[in-house]
Amino acid sequence: MDIAQSFTAAFGLILGGDPAFLAIVGLSLTVTLSAVSVAAVIGLPLGALLALARFPGRGAVIVLVNALMGLPPVVAGLLVFLLLSRSGPLGPLGLLFTPTAMVVAQALLVLPIVIAITRQLTEDLHAEYREHLASIGLTGFRAIPTLLWDGRFALATAILAGFGRASAEVGAVLIVGGNIAGYTRTMTTAIALETSKGDLPLALGLGIVLILLTLAINAVTYGASRVGARFAG
Amino acid sequence: MSGMRDTPSVLPLTVSGLAFEAGDRRLVDDVGFSIARGGLTVLIGPNGSGKSLTLRLCHGLLTPSAGTVSWAAERGTIAGVKRHAMVFQKPVMLRRSARANMLHALAAAGVTRGERAARCEEALARFGLGVLAERPARLMSGGEQQRLAIARAWSLRPQVLFLDEPTSQLDPGATRQIEEMLAALRGEGITLVMATHDMGQARRLADRVLFLHRGRLVEDAEAPTFFAGPASPEARAFIAGDLVW
């Protein structure tokens with residue numbers, strides 16, 4: 001099958017609404033959106049706390065979190081694998097090779113991004129707002145809700161960056177999900193498998209969907225920053 | 001004004017032996033004065049004289065290295081509500097509309113939801129900001145932002161309002177508007193304490209002058225007395241427009 005034929009077949013898959021194809025896209029989106037939600041719920045308050053807290057070793061924690069933004073997905077996958085494997089500490093939960101395990105692994109990848117960017121944004125905003133907030137009684141951690149709300153557009157960008165990282169990674173979901181057809185097979189793991197098997201149309205079709213998704217994320221990110229600019233002045 | 005006499009006051013404010021150090025530098029040194037009810041007290045002096053720091057120490061934004069700031073009522077609060085507010089040189093505007101900025105401050109001060117809206121509308125109307133209510137605050141002009149900052153502080157019903165060079169970044173037209181606002185607030189019986197290095201502004205507004213120089217309070221006088229002829233050589237030099245170091 002040559003490249004032109006592969007593309008034609010790929011578009012056929014996308015437009016034809018093949019159930020197996022849609023199931024893969026659906027699982028990918030479910031896993032990634034869940035992981036990003038978990039990371040946001042944990043990461044936004046943690047990032048804000050890290051921005052305002054002063055404790056010994058704070059600098060080291062910031063460096064560590066920033067470094068973890070570059071955590072290789074396969075390493076994140078390995079860590080979660082060790083946690084969830086039968087002999088691991090969370091083995092009895094029986095989560096290995098389930099979508100839940102994939103959510104955990106991706107959340108681990110996204111969390112440092114959310115914490116690091118939230119920490120930076122909140123710290124900058126606090127430097128600007130601190131005296132006014134203290135004047136009206138919002139000292140210390142009581143400033144956090146105001147800071148998160150006023151940083152909402154920039155923070156949306158951080159969360160979308162996390163979404164981009166999670167949706168594109170293959171290593172973590174492959175290790176902890178196992179790429180089981182119809183159960184834990186995502187777009188990225190399917191592309192890796194189908195390419196090696198020679199089913200180029202399926203791989204290409206999924207690849208096109210992934211790229212369109214990335215485009216959509218960036219469009220939303222751009223829109224969020226434009227809306228944010230209206231308030232930021 | 002007569003109504004205010006019946007309510008308890010956080011004043012007088014008594015400052016004694018006040019000092020503030022940063023590193024090994026003493027930026028405010030043994031400053032003492034008392035602020036009674038009413039009128040506009042101006043803290044004047046060249047840059048680095050300690051005016052802004054003194055205001056921040058009084059408002060509780062900074063902790064003194066030595067000395068005390070004491071109010072007639074505990075920490076300047078009455079029934080748990082802080083009765084002194086502050087307006088800054090560069091207005092701090094949240095990334096929200098003018099109205100939301102005011103509602104936020106009222107919420108932070110513990111005002112009930114129903115009363116917040118009423119007080120917000122009252123303040124917007126009182127200072128002619130109604131037409132700007134929905135505008136993102138940070139997109140307003142410098143003068144509009146400072147008017148909003150003063151209206152926001154006013155909505156908190158302070159008995160004392162500290163102002164740190166509120167017009168130093170504004171053009172003459174906006175400066176006049178702010179000065180008119182301040183005169184009106186004084187007329188309402190709000191006690192104003194303002195830092196400025198603008199001698200003309202001090203002449204126009206001050207009832208009393210505290211002249212600071214290198215972190216020390218050099219002169220404390222009624223405005224007419226001070227402007228007729230200050231007692232200290234530093235203040236004389238400052239009035240004459242000489243540089244004082």
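Residues numbered from 1 in each chain as written. Chains lettered and ligands numbered in written order. Predicted model: local features only at pLDDT ≥ 70, side-chain atom pairs only at ≥ 80, totals over all residues.

Within chain B, the regular secondary structure consists of nine helices and eleven strands. Computed over C-alpha atoms, the radius of gyration of chain B comes to 18 Å, within 12% of the 18 Å expected from 2.2 N^0.38 for 245 residues, which places it in the range of a compact globule. Pairs at least 24 residues apart make up 69% of the contacts formed inside chain B by residues separated by at least 6 positions. (Helix = DSSP H or I, 4+ residues; strand = E, 2+ residues; numbered from the N terminus. Rg over C-alpha atoms; globule rule 2.2 N^0.38 Å. Contact = placed C-beta atoms within 7 Å.)

Okay, the overall build of chain A next. The helix and strand inventory of chain A stands at ten helices and zero strands. When its helices and strands are written in sequence order, chain A yields α-α-α-α-α-α-α-α-α-α. Referenced to the eigenvectors of the C-alpha coordinate spread, the extents of chain A come out at roughly 70 × 50 × 25 Å. Within chain A, the proportion of its 233 residues that are buried is 37%. The long-range share in chain A, meaning contacts at least 24 apart out of those at least 6 apart in sequence, stands at 79%. (Buried ≥ 20, exposed ≤ 12 C-beta atoms within 10 Å, placed from the backbone.)

Residue and element names in this part refer to chain B. Taken N-terminus to C-terminus, the directions of helix 3 (residues 98-108) and helix 5 (residues 142-155) make an angle of 30°; their axes are 9 Å apart at the nearest point. The chirality of how helix 3 crosses helix 5 is right-handed. Contacts from Ala98, Asn101, Met102, Ala105 and Leu106 of helix 3 reach helix 5 at Leu148, Ala151, Arg152 and Ser155. Grouping the amino acids of the contact of helix 3 with helix 5 by side-chain chemistry returns six nonpolar, two polar and one charged. (Axes fitted to C-alpha atoms, helices over the stretch in contact; angles between N-to-C directions. Left-handed = near helix turned anticlockwise from the far one by under 90°. Nonpolar A, V, L, I, M, F, W, Y, C, P; charged D, E, K, R; others polar.)

All names here are of chain B. Across the sheet, which stays open at both edges, the three strands sit in the order 2-1-4 with antiparallel pairing between neighbours. Across the chains shown, the open sheet's two edge strands, defined by having one partner strand only, are strand 2 (25-35) and strand 4 (66-71). Averaged over neighbouring strand pairs, the angle between their axes works out to 20° when direction is ignored. In terms of strand pairing, strand 1 (residues 13-22) meets strand 4 through five bridges, oriented antiparallel. Directly across from Val15, in strand 4, lies its bridge partner Val69. (Pairing = 2+ DSSP bridges.)

Across the boundary between the two partners, chain B contributes 17 residues, which contact 15 residues of chain A. Of all the secondary-structure elements, those providing two or more residues to the side of chain B that touches chain A are strand 7 (84-87) and helix 3 of chain B. For the side of chain B that touches chain A, the element with the highest residue contribution is helix 3 of chain B, accounting for three residues. In terms of residue class, the side of chain B that touches chain A is built from eleven nonpolar, two polar and four charged.

Moving on, we get to the packing of helix 3 of chain B against helix 4 (residues 113-126) of chain B. All names here are of chain B. Contact pair helix 3 / helix 4: the axes reach a minimum separation of 9 Å and the direction vectors enclose 130°. What the angle tells us is that helix 3 and helix 4 run oblique. As helix 3 runs across helix 4, the sense of the crossing is right-handed. When helix 3 is examined against helix 4, the residues Arg99, Met102, Leu103, Leu106 and Ala107 are found in contact with a partner set consisting of Arg116, Arg119, Cys120, Ala123 and Leu124. Here the residues of the contact of helix 3 with helix 4 are counted per class, giving seven nonpolar, no polar and three charged. (Parallel < 35°, antiparallel > 145°, perpendicular 65-115°, else oblique.)

Attention shifts here to unusual backbone geometry. Residue and element names in this part refer to chain B. In this structure, the amide linkage connecting Leu11 to the following residue, Pro12, adopts the cis form with an omega of 5°. Of note, Pro12 is situated in the loop between helix 1 (2-6) and strand 1. If you check the backbone angles, Arg75 has positive phi at about 55° while not being a glycine. Tracing the backbone through its elements, the reader meets Arg75 in the loop between strand 4 and strand 5 (77-78).

Turning our eyes to something else, we now look at the sheet that holds strand 10 (residues 208-213) of chain B. Paired through backbone hydrogen bonds, the strands of a sheet run either parallel or antiparallel to each other. Residues and elements named next belong to chain B. Strand order in the open sheet formed by six strands is 7-8-9-3-10-11, and the pairing between neighbours is mixed. What marks the edges here is a single partner per strand, and that holds for strand 7 and strand 11 (216-222). Each strand axis lies, on average, 15° off the axis of its neighbour in the sheet, ignoring direction. The strands that helix 2 (residues 51-59) touches are strand 3 (40-44), strand 7, strand 8 (160-164), strand 9 (191-196) and strand 10; relative to strand 8, the one it contacts most, it runs at about 150°. Sitting on the sheet, helix 6 (residues 172-188) is in contact with strand 3, strand 8 and strand 9, with an inclination near 150° to strand 9.

Further remarks concern the nonpolar core. Judged by nonpolar contacts, the single largest core of 128 residues is most densely connected at Ala105, Val110, Val114 and Val176 of chain A together with Leu161 of chain B. It is helix 5 (residues 99-135) of chain A that provides the largest number of residues to this core, a total of 18 residues. (Core = buried A, V, L, I, M, F, W, Y, C linked by C-beta atoms within 7 Å.)

Okay, the confidence of the model for chain B next. Residues and elements named next belong to chain B. Residues with a pLDDT of 70 or more make up 96% of chain B, whose mean pLDDT is 91. Averaged pLDDT values over the elements of chain B bottom out at 50 in helix 1 and peak at 97 in strand 8. Under the prediction, the complex receives an ipTM of 0.91, its pTM being 0.88. (pLDDT = per-residue confidence, 0-100.)

Further remarks concern helix 3 of chain B. Most of helix 3 of chain B is tucked away: eight of the eleven residues are buried. Those residues of helix 3 of chain B that sit buried are Ala98, Arg99, Asn101, Met102, Leu103, His104, Ala105 and Leu106 of chain B. Its buried side turned inward, helix 3 of chain B meets helix 6 (144-150) of chain A together with helix 4 and helix 5 of chain B. Of the residues trailing helix 3 of chain B, Gly110 of chain B is marked for its positive phi of about 85°.

Of all the bends in helix 5 of chain A, the greatest, near 60°, is centred on Tyr129 of chain A. A positive phi of about 100° marks Gly137 of chain A, the residue just after helix 5 of chain A. (Bend = angle between axes of the 7 residues up to and from the residue.)

Here we take up the pairing of strand 8 of chain B. Consecutive residues of a regular strand have side chains that alternate between opposite faces of the sheet. All names here are of chain B. Of all five residues in strand 8, five are buried, a share of seventy percent or more. The side-chain alternation of strand 8 yields two buried faces, one formed by Val160, Phe162 and Asp164 and the other by Leu161 and Leu163. Direction of pairing for strand 7 relative to strand 8: parallel, over a ladder of four bridges. The residue bridging Met86 from the neighbouring strand is Phe162, located in strand 8. The sheet contact formed by strand 8 and strand 9 spans five bridges and is parallel. In the sheet register, Leu161 faces strand 9, and the bridge partner there is Leu192. Read as a crossover between parallel neighbours, the route from strand 8 over helix 6 to strand 9 is right-handed. (Right-handed = clockwise from strand over helix to strand, strands pointing away.)

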